[in-house]
Amino acid sequence: MSEYFPVIVGEWCLVNSVGCGVDTHGGQSVLNGEEGAQVETLTAEQKRSLYRGLAESQLAAWSKGSGFYYWNYKLLTDTVNTPGWIGWDAWDLGRCIAQNWFPVQK
């Protein structure tokens with residue numbers, strides 16, 4: 001499509017069902033009635049590997065276009081290790097960078 005017009009990818013993030021430990025049905029959360037995991041299903045290293053690989057793959061794909069928007073809104077609560085909210089901290093770009101889940105070019 002980029003041969004004919006600029007392609008901009010909108011609103012992507014690292015949240016996914018594997019990282020959340022439950023089927024999120026395409027991004028549904030506790031806020032709209034989806035039951036979240038009560039305990040972590042991945043180790044910190046497994047989570048880092050999952051998110052890092054996902055970020056690198058998406059960045060490689062989206063960089064072929066004219067631009068992209070990463071969804072970086074911080075949730076209303078600090079969701080780290082909160083039962084029902086496991087994995088949802090991957091919405092927060094600042095947390096993704098701090099956890100070394102998102103590659104930062106220097």
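Everything numeric in this text was worked out from a predicted model, so none of it was measured.

Visitor: Explanation requested: unusual backbone geometry in the structure shown.
Guide: What you tend to see is this: most non-glycine residues have negative phi, and most peptide bonds are trans. Positive phi, normally seen in glycine, also occurs at H25, with a value near 50 degrees. Relative to the elements of secondary structure, H25 occurs in the loop between helix 1 (17-20) and helix 2 (44-62). Residue H25 is classed as partly exposed on the basis of its relative accessible area, which comes to 49%. Positive phi, close to 65 degrees, is recorded for N100, a residue that is not glycine. With respect to the element layout, N100 can be found in the segment after helix 3 (93-98).

Visitor: Looking at this structure, I do not really get the packing of aromatic side chains. What am I missing?
Guide: The geometry of an aromatic ring pair is captured by two quantities: the separation of the ring centres and the angle between the planes. Following the criterion strictly, the structure yields six aromatic pairs and no others. Judged by centre distance (5.7 Å) and plane angle (65 degrees), the rings of W12 and F68 are edge-to-face. Placement of the pair is W12 in strand 1 (residues 8-12) and F68 in strand 2 (residues 67-70), with a sequence separation of 56 residues. A relative accessible area of 5% means that W12 is categorised as buried. The exposure class of F68 is partly exposed, given its relative accessible area of 34%. Measuring from centroid to centroid gives 5.3 Å for Y70 and F102, while their planes differ by 75 degrees, and the two rings are edge-to-face. Placement of the pair is Y70 in strand 2 and F102 in the segment after helix 3, with a sequence separation of 32 residues.

Conventions used here
Residues numbered from 1 in each chain as written. Predicted model: local features only at pLDDT ≥ 70, side-chain atom pairs only at ≥ 80, totals over all residues. Heavy atoms only, no water. Helix = DSSP H or I, 4+ residues; strand = E, 2+ residues; numbered from the N terminus. Buried < 20%, exposed > 50% of the residue type's maximum accessible area, 1.4 Å probe, protein only. Phe/Tyr/Trp six-rings, centres within 6.5 Å; stacked < 30°, edge-to-face > 60°.

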